[in-house]
Amino acid sequence: MNIDYSQEAPAVAGRLTLAEIEELVAKPLDTRPDKKYFIALSISGSALMIGAICLALSFYYGLGLWGNNQPIGWAFDIVNFVFWVGIGHAGTLISAILFLLRQKWRTGIARFAEAMTIFAVMCAGIFPAIHTGRPWLDGYLLPYPNQHSLWVNFTSPLLWDVFAVSTYFTVSLVFWYIGLIPDFATLRDRTSSKIKKTIYSLFSLGWRHSSRHWQHYEKSYMLLAGFATPLVLSVHTIVSFDFAVSILPGWHTTIFPPYFVAGAIFSGFAMVVTVLVFVRKIFDLENIITMDHLEKMNKVILATGMMVGYAYGMEFFIAWYSGVQAEQFVFVNRAFGPYAWAYWIMVSCNVIFPQLFWVKKFRRSIPVMMVVVILVNVGMWFERFVITVTSLHRDFLPSSWAYYTPTLYDFGILIGSFGLFFTLVILFTKSLPVVSISEVKAVAEGAQPSHHGGVVNA
Amino acid sequence: MHNKNLFGVSALFDSPDKIISVAKKTTDAGYKKFDINTPYPVHGMEKAMKLKPSKLGFITLVFGLTGSFIALLFMYWTMSVDYPMIISGKPFFALPAFIPVTFEVTVLLATLATVIGMITFFFKFPENHHPLHDTNYMKQVSKDKFGLVIESADKNFELEKVKEFLQSLNPIAIEEIYYQEKANNSLLEPRFLTLLFAIALVTSGTTYFVLNKLLYMTPFDWMSTQLKLNPQKPSDLFSDGYGMRSPVKGTVAQGFMPYLAKGNPNPNSNDLLENPYLITEENIKLGKSKYLTFCSPCHGNFGDGDSRLRGQFPNPPSLHSKRAQDFKDGMIYHVIVNGQNSMPSYAPYLNHEERWSVVNYIRVLQRAKNASESDIQFAKKENVKNASN
Amino acid sequence: MHQTDFHYTHKELPTGLKKFGSIFLIAGLILAAVAFFVDRERTIFNYLIFYSMLISLGVGSLFLIALEYVSGADWSVPFRRIPEFLSGILPLLFVLVIPLLIFNHDLFHWTHKEAVEQDAILKGKEPYLNITFFIVRVLAFIAVWVIFYLIIGKNSSKQDSSKDQNLTRKNIIYSAIFIPIFAITITFTSIDWLMSLEPHWFSTIFGVYYFAGTVIASLAAVTLIVVSLKERGYYQPWITDDHLYSFGALLFAFVNFWAYIAFSQYLLIWYANLPEETFWFLTRWEGSWSIISILLIFVHFIVPYAVLLSQPAKMNPKKLKFISIWLLFAHLLDIYWLVMPNMAEMKSGYIFSWIDFVFPILGVGFVMLVFSFFGKNKNLIPIGDPKLKRGLNFHL
């Protein structure tokens, strides 16, 4: 297939009119959910319940139910946290960084990715909250004048995490809501149901599509994108600091910040592709979330996958180059020790399989894409597992070496977090427009004056 | 009661090119209070409408800087002033470690201020009762049409003229938009007040329940019911039912030092210890602080026996008496350890070094009270030296 | 689209380029020769800075070209020739590297056999840090860059006449292959030339740190040339604020990126406080070096950040010109800060010397001449590129 480079690929395929775009996106909100919807919801709901039960038992009996031991004091709790925060990076990346880079293809997927960000950060937030063992006392993490006259430790990366993740959640939510306001107004004006209209009016705040408002609105979007971009980097950077400021070999390495960010984008994009493949099929959005968009996402997956691979290589090389014995031991132990299986799952899923995306045919094939992105999700979960557990399990003293085996409760809570995520995603698809109506309209063919800003060029 | 007033006249168009030229013509015709409504932002509209650049960025800048400043100041105050603590060998004001939180607070404050500022000051939202709502015009521009409204509040507004002007632009439709006046203050509406009251009730109820009830229920109270030994409390673990145990016979506690004169009010001078500490500035400082804490309430700040206890406890004799001056160091030590007359033992409060430092300090006090001429000359010299430094 | 009738008329580069280039080059060469006899060690260290700067400009430019192809960007197409001319530095590196290879003994502690024998850590690094492998690596990396430079550059200039879209497709593929190779080569280049100056020290992020600097330097050089040519009327009438804004925004982004990487590296080492890592920063924090370290923070981050923060500043040609010269200097200072504290006599504190100013003069002249040589008979705009029209009509 030959591409004509002199033409920009259209962001919306099939020459849809503005009304058709709106019709397509709003359809799921106007129709009653079918049987399949409830089946999907009950599956994810059951997973959520499993997690809730395991969590309740963990609260009741204490964290002794988990597999954590000495010296592996951090295990599934932190692994799942980093995994979900990572997933949560794709949304803001797509909505903010691609916005700043003027990538029009982001419009079709931005809303969904942002929603996934918010849900993923919610899932992530569970784990630091529960790993304290007594989550009802987590309020102590806030710096408020308390009866102990103590302040929180501002030099601790764990506290930076509290600030970073809560800021990230708030800003993502605000960003998402700002994007939804015009869509709420559109939905308000097209619905005939009185209840729906009241709800949409409430959330639209009385938006009138006024050009005098659009001007500030676009400016605010720009400013928010400008802040969200360093914010998204800072969040996973700070997560990496949780490990890297320590002196533990395998954790303390200076490449961690950019490496974690690249990994987060990698896993986030993989998760977005996983979900979008279904969404575009089920809701007939193939013209709005086109194969071109998926291909571009797969390219990003390939690129970030190689960045992650670069970091693996760099860590190994510098561990050898450093001449520090403990450092060298940890990396050899990673690749050939008791957890070698986890390490090689990580390497093959994150570095080897994504190489399939060098071939255009594979980038554009739904089955290949599905296999690869699911493997990437698995691989990225294992990456965090490898970093956390293998660095800890062979302590400096051989007398305190141990092997970590997760218990059923650990798995139950992990399943529960997936349940929460997919329950929220499924509810979202039927309650809010999964694609930004106004943004997609704005990039549809013929939606802009024939030469942009005609005044300038006239 | 309700008057129907004209809000303005609207016209609909069907292409982005058209609306841009319409906006230009409307501006050129001298209308100021008009608006263009489009389902999405149309590029170039700002220039066509001659809008001034958005000033939103100023809010962001001001609040962003405020955020950085507040965060840094707060961390400085908590970590270096209010409760300084050495953490992993870092300075109290560990700037590199404060940067992440400063950054996050900056972003949080800047973005929230931008959005809230935009919605409240720039848009004056929420405003669900604007005359344009629920009109056919609004429904069309919400979907796929591009609209122009010229408001009746405009200086040049004359209904017929405006209609004529709009007609000349070749619109798809023209609509007059009316609104009904409403005159009551929505803040005093009973529904709103009830809502406020309900929120207050729920918030206070929840807070009370959580803080005073929930935290004392199982499993939240497991901290206080754990299987452990509590001091001064009985325990089922031991057959005698006592929780606290005495040491096993023959064991010696860590740091224990035998003291032969223990318990003897008139000790043999051979049993008394020799002062092992030199009089150094450091030692005297320690002695001073311990003396002021433990001895001065009865013996007085300078050892004159001027108790601060106002007769609640018998006044001790002066430390400057001949008898006290003639005490050997070991004897003063003995009095501290053993007590004398109504003075109890201070052994539990002062360790070995501290007791001797108090002895040394008492010697300093005694010398100061009975200073010789040479002492005074020396002190004067020292004062001059210190003053000149 | 009323600008589709774009006609390119070939216009020679300003003659001043060659004239001033030659003056600077000759002056620089004479001063360098004097400097060499006055203080050989310092001259060699300065030469290393000059060489690293040229790598930054040459490979960085090639990376910018590859990035344009891979990302499908259109706004930068009309300016692509400028990084193409600049990456003409690459083949010359084969010659330029020779003095460094000859005087490697002055630069690298690990080349001293007797020192390595007594140092268990350096002994452990010998399989990597030895002269033979070092030279092989250095030459192989230059060769790889030159190959990609020749292929991509040739395809691009061939397109001027043939207007063959296939060439764009080919270049996209080559660029995609080049980028991972670039990542690896630039990393090991930075380890070889800069990190191994202090052979006991190590940092995994170092390659990324140097990469951030190279992109800033090459981008600043391209921006500087674009703005200068614009001032002389080369890009009229089609160049818009939006083109300039894109340069400004990218510079701003990479200034932040550099600060992010530099801060991450510093924070992690400062926080963990391991003696095998902190000593490197300590050298740069003791005595008069602390002034240069603080200066670096201001020059490389705070000033450019403040200048480029506002939206109008990013499209203001005067400010762009100022800040791109500033950033070129900042990158020079950055390399200076990496290299110079490793000189034996400078370890305990900064010592001023006029020699430090010789190579910047030489470098300016050299780059001007390279640019005018490669730009001589070529079109200043890739007129056959299918994306050109989109680039010319670019609007945000």
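What counts, and where the lines are drawn
Along each chain, residue indices are assigned from 1 in the same order as the chain's sequence is written. Whichever chain is written first is A, and whichever ligand is written first is 1; the rest continue in order. It should be noted that, the model being predicted, local features are given only for residues of pLDDT at least 70 and side-chain atom pairs only at 80 or more, the latter also being counted only at that level, while totals for whole chains, interfaces and linings use all residues. Secondary structure follows DSSP: runs of H or I at least 4 residues long count as helices, runs of E at least 2 residues long count as strands, and numbering of each begins at the N terminus. C-alpha atoms define the radius of gyration, and 2.2 Å times the number of residues to the power 0.38 defines the globule rule. Think of it as a crowd count around each C-beta: if 20 or more other C-beta atoms lie within 10 Å the residue is buried, if 12 or fewer it is exposed, and in between it is partly exposed, with C-beta placed from the backbone throughout. By the convention adopted here, residues are in contact when the distance between their C-beta atoms, placed from the backbone, does not exceed 7 Å. A helix is expected to reach a length of 1.5 Å times the quantity of its residues less one. What makes two strands pair is DSSP finding at least two bridges between them. Helix axes are fitted only over the stretch in contact, all axes being lines through C-alpha atoms; the angle between N-to-C directions runs from 0 to 180 degrees.

**Observations regarding the overall build of chain C**
Helices and strands together make up the secondary structure of chain C, namely 18 helices and zero strands. Radius of gyration (C-alpha) of chain C: 21 Å, near the 21 Å computed for a compact globule of 396 residues. Summarising its shape, the C-alpha atoms of chain C cover approximately 70 × 40 × 40 Å along the three principal directions. Burial analysis of chain C (396 residues in total) assigns 45% to the buried set. Contacts spanning at least 24 positions in sequence make up 84% of the contacts within chain C whose residues lie at least 6 apart.

**Some remarks on unusual backbone geometry**
Put simply, Gln70 of chain A and Pro71 of chain A share a cis peptide bond, and its omega is 15°. Summarising the element assignment, Pro71 of chain A is placed in the loop between helix 2 (35-61) and helix 3 (76-87). Residue Gln236 of chain C is joined to Pro237 of chain C through a cis peptide bond whose omega torsion reads 0°. Here Pro237 of chain C lies in the loop between helix 11 (206-231) and helix 12 (241-272). With a phi close to 55°, Lys50 of chain B is a non-glycine residue in the positive phi region. Along the polypeptide, Lys50 of chain B turns up in the loop between helix 2 (45-48) and helix 3 (56-82). Look at Ser88 of chain B: it is not a glycine, yet its phi comes out positive at around 40°. Summarising the element assignment, Ser88 of chain B is placed in the loop between helix 3 and helix 4 (95-122).

**With respect to the environment of Thr185 of chain C**
Residue and element names in this part refer to chain C. Within the secondary structure, Thr185 sits in helix 10 (residues 165-193). In the structure, Thr185 is positioned 40 residues away from Trp145 in sequence and 8.8 Å away in space, judged by C-alpha atoms. Leave out the neighbours within four places in its chain, and Thr185 touches Phe141, Val144 and Trp145.

**With respect to the interface of chain B and chain A**
Residue-level contacts link 65 residues of chain B with 59 residues of chain A. Only helix 1 (16-28), strand 2 (34-37), helix 2, helix 3, helix 4 and helix 5 (136-143) of chain B provide two or more residues apiece to the side of chain B that touches chain A. Sorting elements by how many residues they give to the side of chain B that touches chain A places helix 4 of chain B first, with 17 residues.

**Remarks on helix 1 (residues 18-30) of chain A**
When the terminal C-alpha atoms of helix 1 of chain A are compared, their 18 Å separation across 13 residues agrees well with the 18 Å that a helix rising 1.5 Å per residue should span. If you follow the buried residues of helix 1 of chain A, they end up packed against helix 6 (157-190), helix 15 (408-431) and helix 16 (437-443) of chain A together with helix 5 of chain B.

**With respect to the sheet that holds strand 3 (residues 146-151) of chain B**
Residue and element names in this part refer to chain B. Ordered by their spatial adjacency, four strands build an open sheet running 2-3-1-4, and the pairing between neighbours is antiparallel. The open sheet has two edge strands, strand 2 and strand 4 (173-180), and neither has a second partner. Direction aside, neighbouring strands of the sheet carry axes that sit 25° apart on average. Pairing analysis gives eight bridges linking strand 1 (residues 4-13) to strand 4, with the strands arranged antiparallel. Its bridge partner lying in strand 4, Val9 is registered against Glu176. Set on the sheet, helix 1 makes contact with strand 1, strand 2 and strand 3; between it and strand 3 the angle comes to about 20°.

**Overview of the pairing of strand 2 of chain B**
All names here are of chain B. Burial along strand 2 is two-sided: Phe34 and Ile36 facing one way and Asp35 and Asn37 facing the other are all buried. In terms of strand pairing, strand 2 meets strand 3 through four bridges, oriented antiparallel. Note that in strand 3 the partner of Asn37 across the bridge is Gly147.

**Concerning the environment of Thr191 of chain A**
Residue and element names in this part refer to chain A. Note that Thr191 resides in the loop between helix 6 and helix 7 (194-204). Counting along the chain gives 139 residues from Thr191 to Val330, while the straight-line C-alpha distance between them is 61 Å. Discounting chain neighbours no more than four positions away, the residues touching Thr191 are Lys196, Lys197 and Tyr200.

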